[in-house]
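Below, each chain spelled out in residue letters.
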Amino acid sequence: MSDLKAAFEAAVANSKSLTERPDNATLLKLYALYKQGTAGDNTEKKPGFGDMVGRAKWDAWNGLKGTSNEDAMQQYIDLIGSLS
């Protein structure tokens, strides 16, 4: 697990130095994988209709419910690797 955690933290650092900004769908996927990998299943209250960005993030994260932290971390690492 420690190797995965180190690779995940490196991928998070790499995400801040990507040469191109990913499209919104990819950014949502990264957000959801990060939240799932660090916090686990979404237990937060769904934002209201006035908060479009918050709802999109909530929906993306909630879509990963049941995914293990380790699996989410690995998917995040793979996705950042494909963007670098």
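Criteria and cut-off values
- Residues numbered from 1 in each chain as written.
- Predicted model: local features only at pLDDT ≥ 70, side-chain atom pairs only at ≥ 80, totals over all residues.
- Heavy atoms only, no water.
- UniProt positions renumbered as here; feature names shortened; annotations may be inferred.
- Helix = DSSP H or I, 4+ residues; strand = E, 2+ residues; numbered from the N terminus.
- 1 Å grid on protein atoms, 1.4 Å probe; cavity = no way out; pocket = protein on both sides within 12 Å on 5 of 7 lines; lining within 4 Å.
- Points joined across faces, edges and corners; volume = space filled by probe spheres on them.
- Nonpolar A, V, L, I, M, F, W, Y, C, P; charged D, E, K, R; others polar.
- Buried < 20%, exposed > 50% of the residue type's maximum accessible area, 1.4 Å probe, protein only.
- Contact = heavy atoms within 4.5 Å.
- Arc of directions from axis to C-beta.
- Polar contact = N/O pair within 3.5 Å; in protein donor to acceptor, adjacent residues only side chain to side chain.

The name an unreviewed UniProt entry gives the protein chain is Acyl-CoA-binding protein, with Caenimonas koreensis DSM 17982 as the organism.

### Observations regarding the UniProt feature "domain: ACB" (unreviewed entry) in the protein chain
In the numbering adopted here, UniProt assigns the feature "domain: ACB" (unreviewed entry) to residues 4–84. Along residues 4–84, the helical share is 67% and the strand share 0%, with 18 Å between the first and last C-alpha atoms.

### Let's talk about the layout of surface pockets
Approximately 220 Å³ is the volume found for the largest pocket. Forming the boundary of the largest pocket are Val12, Ser15, Lys16, Leu18, Glu20, Arg21, Pro22, Leu27, Leu30, Tyr31, Tyr34 and Tyr76. Of all the secondary structure elements, the ones that give two or more residues to the lining of the largest pocket are α1 (2–15) and α2 (24–39). Ranked by residue count, the leading element in the lining of the largest pocket is α2, at four residues. Of the residues belonging to the lining of the largest pocket, the class tally is eight nonpolar, one polar and three charged.

### Some thoughts on the environment of Lys57
Looking at where Lys57 falls in the secondary structure, it is placed in helix α3 (residues 52–62). Residue classification places Lys57 among the partly exposed positions, given a relative accessible area of 34%. Residues Lys57 and Lys35, spaced 22 residues apart in sequence, show a C-alpha to C-alpha distance of 9.8 Å. Apart from residues no more than four positions distant in its own chain, Lys57 is found in contact with Leu28 and Tyr31.

### Observations concerning α3
Turning to α3, its buried residues number three or more, namely Gly54, Arg55, Trp58 and Trp61. One side of α3 holds all its buried residues, which, seen down the axis, span an arc of 135°. Exposed side chains of α3 directed beyond 90 degrees from the buried face belong to Met52 and Val53. Close packing links the buried residues of α3 with α2.

### Description of the environment of Ala25
With respect to the helices and strands, the residue Ala25 is situated in helix α2. Taking the C-alpha atoms as reference points, Ala25 and Ala60, 35 residues apart in sequence, are found 9.3 Å from one another.

### Section: the side chain of Gln36
Its location among the elements puts Gln36 in helix α2. Here Leu64 takes part through its backbone oxygen, which lies 3.5 Å from a polar atom of the side chain of Gln36. Look past the residues within four positions of Gln36 in its chain and what remains in contact with it is Asp41, Asn42, Trp61, Leu64, Lys65, Gly66, Thr67, Asn69 and Ala72.

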